[in-house]
Amino acid sequence: MDVGVRRFRCDDPGCGAATFAEQIPGLTAPFARRTAGLTDCLATIGLALAGRAGARLASKLGMPACRDTLIRLVRALPEPPAAVPTVIGIDDFALRKGAVYGTVIVDMETHRSIDIFPGRDADTLAAWLAERPGITVICRDRGGSYADGARRGAPDAIEVADRWHLWANLGAAVDKTVSAHAACLPEPPPADNLAADGRSEAGPPPQSDPPIEYPLARRHRERHAAIHELLAAGCSRAEAARELGISERTVYRFAGTPLEQHLGRANNRASRLDRFMDHLHQRFADGVHNARVLHREIELLGWRGSLRTVERYIAQLRERANPPPTAPTPPKPRKVAGWIMSDPDHLTAGAAMQLKAILARCPELEATRKHVGSFANMIQNLTGDRLPSWIDAVRADDLPALHSFATGLTRDQAAVTAGLTLPWSNGPTEGTVNRLKMIKRSMYGRANLDLLRRRLLIT
Ligand SMILES: [Zn+2]
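How each quantity is defined
- Along every chain, residues carry numbers that run from 1 in the direction the sequence is written.
- For a predicted model such as this one, the threshold for reporting local features is a pLDDT of at least 70, and the threshold for listing and counting side-chain atom pairs is 80 or more; totals across whole chains, interfaces and linings nevertheless cover every residue.
- Going along the chain from the N terminus, every DSSP run of H or I of four or more residues is numbered as a helix, and every run of E of two or more is numbered as a strand.
- The burial label depends on the number of other C-beta atoms within 10 Å of a residue's C-beta. Counts of 20 or more mean buried, 12 or fewer mean exposed, and intermediate counts mean partly exposed, with C-beta atoms placed from the backbone.
- Placing C-beta atoms from the backbone, we regard two residues as in contact once those atoms come within 7 Å.
- At least two DSSP bridges between two strands are required for those strands to pair.
- Axis definition: a line fitted to C-alpha atoms, over the contacting stretch in the case of helices. Angles run 0 to 180 degrees between N-to-C directions.
- Residue count minus one, scaled by 1.5 Å, sets the expected span of a helix.
- What the arc covers is the set of directions going from the helix axis to the C-beta atoms.
- Comment on the angle field: the value is read as roughly parallel under 35 degrees, roughly antiparallel over 145, roughly perpendicular from 65 to 115, and oblique elsewhere.
- Helix crossings fall into two classes, left-handed where the near helix is turned counterclockwise from the far one by less than a right angle and right-handed where it is turned clockwise.
- Three classes are used, and their members are as follows: Ala, Val, Leu, Ile, Met, Phe, Trp, Tyr, Cys and Pro are nonpolar, Asp, Glu, Lys and Arg are charged, and the others, Gly among them, are polar.
- Core membership is restricted to buried Ala, Val, Leu, Ile, Met, Phe, Trp, Tyr and Cys residues, and these are joined into a nonpolar core through C-beta atoms within 7 Å.
- Each domain span listed reflects an automatic or database assignment of domains.
- Predictor confidence is given residue by residue as pLDDT, running from a minimum of 0 to a maximum of 100.

## Quick word on the overall build of the protein chain
Right, so step 1: Broken down by element type, the protein chain carries 20 helices and 7 strands.
Right, so step 2: Taking all 459 residues of the protein chain together, the buried fraction comes to 25%.
Right, so step 3: Partitioning the intrachain contacts of the protein chain with sequence separation of at least 6 by distance along the chain shows that 57% fall at a separation of at least 24.

Right, dumping it as structure tokens:
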């Protein structure tokens, strides 16, 4: 589209511009390479996707711009006016994992990020806080340099230990406790195996394996049973055929004749395997379990049947050699710790039953579950005044890992009590840290702090 504009000449001999072109408000600006609207669009794309991905999208949308241009536009965006927060959340994030860290500050009332700065040490935070005297509540993680910085930078502010971290630390202590009681997790062997009089241990149980069924006979038996079950349940023959994925003809054949007739036929056919059975058993006992190898071997001995038949037969031998374990495997400590940390109403019926059995045979784990329950209660109902009695109750039980957790709480008790009493929690800050991670990932090597900051604060 062409736009016609007028060019003006200046009469004032002292004017440096001499001529100037008419501008269309909102569309053009002197010396601009693109319209205001296009600049807006590109800056928005740059904010969302940063350089490389942004440039790719922009060119697809018919607004080609190189990635440096996009980043320059993002840098040129005005920062939002700095709000004066009263309740803030603080957390750290990795700029380069294990090497460079930064700190993010969130306004807990609006849930907006207000600042990020490099470093996560007490001095930096204290200096940041000293410049902003209006802050009255500081939500932070447990203890450490942020606690120190907050005390120095805003001595009058109430510190709130973040509930999310409290709960995570409690979870770690429960993990340790359950691991220490790993021996209590498996079900004890049934009483009659305990050999109270020493007699039941003597001698293996009498073993009389049923003869191995010929594969085809076995299949017939299963198919016959399945068909009759479906027909007895009221299915039509066509429905039964569809359900089992077999032809209707087969259903007719099995429905109309007794099982023995099919078995007889199958056994006749499969009994051709009889001649080779000794060989198969011998080789299986030697450790050769590969049906393909065994098939080739008996082919040399004269077998003319299919590989599939040999495979099915070997599968039965294998099943017999490794019967499925009778004792259920005990749940892993980590899993049990997860159950203990869960709301009992949210456990599946199976998990609840297993947990109940475990707690019934281990008084320490039972006590742990009670303490977890009352801690969860404090968090949910914000009854931090019960913290001292909770700590006393924990100390009365023989639970070393929970003892160190409780001792940690007493070191930061004012902030922990505030965390269990006041409505603020670092949840929004955690969300911001996750968003930071996402933005950082989309910037690849260009994770310069100023750019990261702009993208976080403006979007
Ligand atoms: Zn135990």
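## Some points on the sheet that holds strand S6 (residues 137-140)
Right, so step 1: An order of S5-S4-S3-S6-S7 is seen for the 5 strands of this open sheet, with the pairing classed as mixed. Strands at the two margins of the open sheet, each flanked by one partner only, are strand S5 (112-118) and strand S7 (158-161). Here the strands of the sheet are splayed against their neighbours by 25° on average, with no regard to which way each runs.
Right, so step 2: Two strands pair when backbone bridges link them, and strand S3 (residues 87-96) and strand S4 (residues 100-107) are joined in this way by 8 bridges, in the antiparallel orientation. Residue pairing for S4: Ile90 is matched across the bridge by Ile105.
Right, so step 3: In the packing of helix H20 (residues 449-458) onto the sheet, contacts are made with S3, S4 and S5, and the angle to S5 comes to roughly 170°.

## Digging into helix H12 (residues 307-321)
Right, so step 1: Over its 15 residues, H12 extends 21 Å from the first C-alpha to the last, a length consistent with the 21 Å expected when each residue adds 1.5 Å.
Right, so step 2: Among the residues of H12, Val310, Tyr313 and Ile314 are the ones counted as buried. Within H12, the buried residues cover an arc of 100° as seen down the axis, which keeps them to one side. Opposite the buried face of H12, at more than 90 degrees from it, the exposed residues are Arg308 and Glu319.

## Some thoughts on the packing of helix H1 (residues 36-60) against helix H2 (residues 67-76)
Right, so step 1: Interhelical geometry of H1 versus H2 gives an angle of 125° and a closest axis separation of 8 Å. Relative to H2, the element H1 is oriented oblique. Crossing angle aside, the handedness with which H1 passes H2 is left-handed. Of the residues in H2, those in contact with Thr39, Leu42, Ala43, Ile45, Gly46, Leu47, Gly51, Arg52, Gly54 and Ala55 of H1 are Arg67, Leu70, Ile71, Leu73 and Val74.
Right, so step 2: Taken together, the residues that form the contact of H1 with H2 break down as 9 nonpolar, 4 polar and 2 charged.

## What about the nonpolar core?
Soluble globular proteins tend to pack their nonpolar side chains together in the buried interior.
Right, so step 1: With 54 residues, the main nonpolar core has Ile88, Ile138 and Val336 as its most contacted residues.
Right, so step 2: Sort the elements by how many residues they give to this core and helix H5 (residues 163-180) lands first, with 5 residues.
Right, so step 3: Three or more residues apiece are contributed to this core by two domains, here domain 2 (87-162 + 425-458) and domain 3 (165-185 + 333-419).
Right, so step 4: Excluding its chain neighbours within four sequence positions, the residues that come into contact with Val336 are Val178, Leu185, Pro331, Leu355 and Ile358.

## Some points on the pairing of S5
Right, so step 1: In this sheet, S5 lies alongside S4 in antiparallel orientation, the contact comprising 6 bridges. The residue bridging Val104 from the neighbouring strand is Ile116, located in S5.

## A few points about helix H13 (residues 333-341)
Right, so step 1: Where H13 is concerned, the buried positions are Val336, Ala337, Trp339 and Ile340. One side of H13 holds all its buried residues, which, seen down the axis, span an arc of 155°.

## Re the confidence of the model for the protein chain
Right, so step 1: In the predicted model, the protein chain carries a mean pLDDT of 81, and the fraction of residues at 70 or more is 87%.
Right, so step 2: Taken together, the stretch residues 193-208 has pLDDT below 50 and engages in 5 contacts with residues farther than four places along the chain or on a different chain.

## Examining the packing of helix H10 (residues 274-286) against helix H11 (residues 291-300)
The relative placement of two packed helices comes down to the angle between their axes together with the axis-to-axis distance.
Right, so step 1: Relative orientation of the contacting elements H10 and H11 amounts to 145°, with a least axis distance of 11 Å. In this structure, H10 meets H11 at a crossing whose hand is right-handed. Contact residues: H10 offers Phe276, His279, Leu280 and Arg283, while H11 offers Leu294, Glu297 and Ile298.
Right, so step 2: Tallied by class, residues from the contact of H10 with H11 come to 4 nonpolar, 1 polar and 2 charged.

## Section: the environment of Arg52
Right, so step 1: Structurally, Arg52 can be placed in helix H1.
Right, so step 2: Assessed through the 17 C-beta atoms surrounding it within 10 Å, Arg52 is described here as partly exposed.
Right, so step 3: Residues Arg52 and Leu70, spaced 18 residues apart in sequence, show a C-alpha to C-alpha distance of 8.9 Å.

## Focus on the environment of Thr177
Right, so step 1: When you line up the elements, Thr177 lands in helix H5.
Right, so step 2: The sequence separation of Thr177 and Leu365 amounts to 188 residues, and the corresponding C-alpha distance is 7.6 Å.
Right, so step 3: For Thr177, the contacting residues outside a window of four places in its chain are Thr368, Leu399, Ala401 and Leu402.

## Re unusual backbone geometry
Right, so step 1: Here His111, not a glycine, exhibits a phi torsion of approximately 60°, which is positive.
Right, so step 2: In this structure, His111 sits in the loop between S4 and S5.

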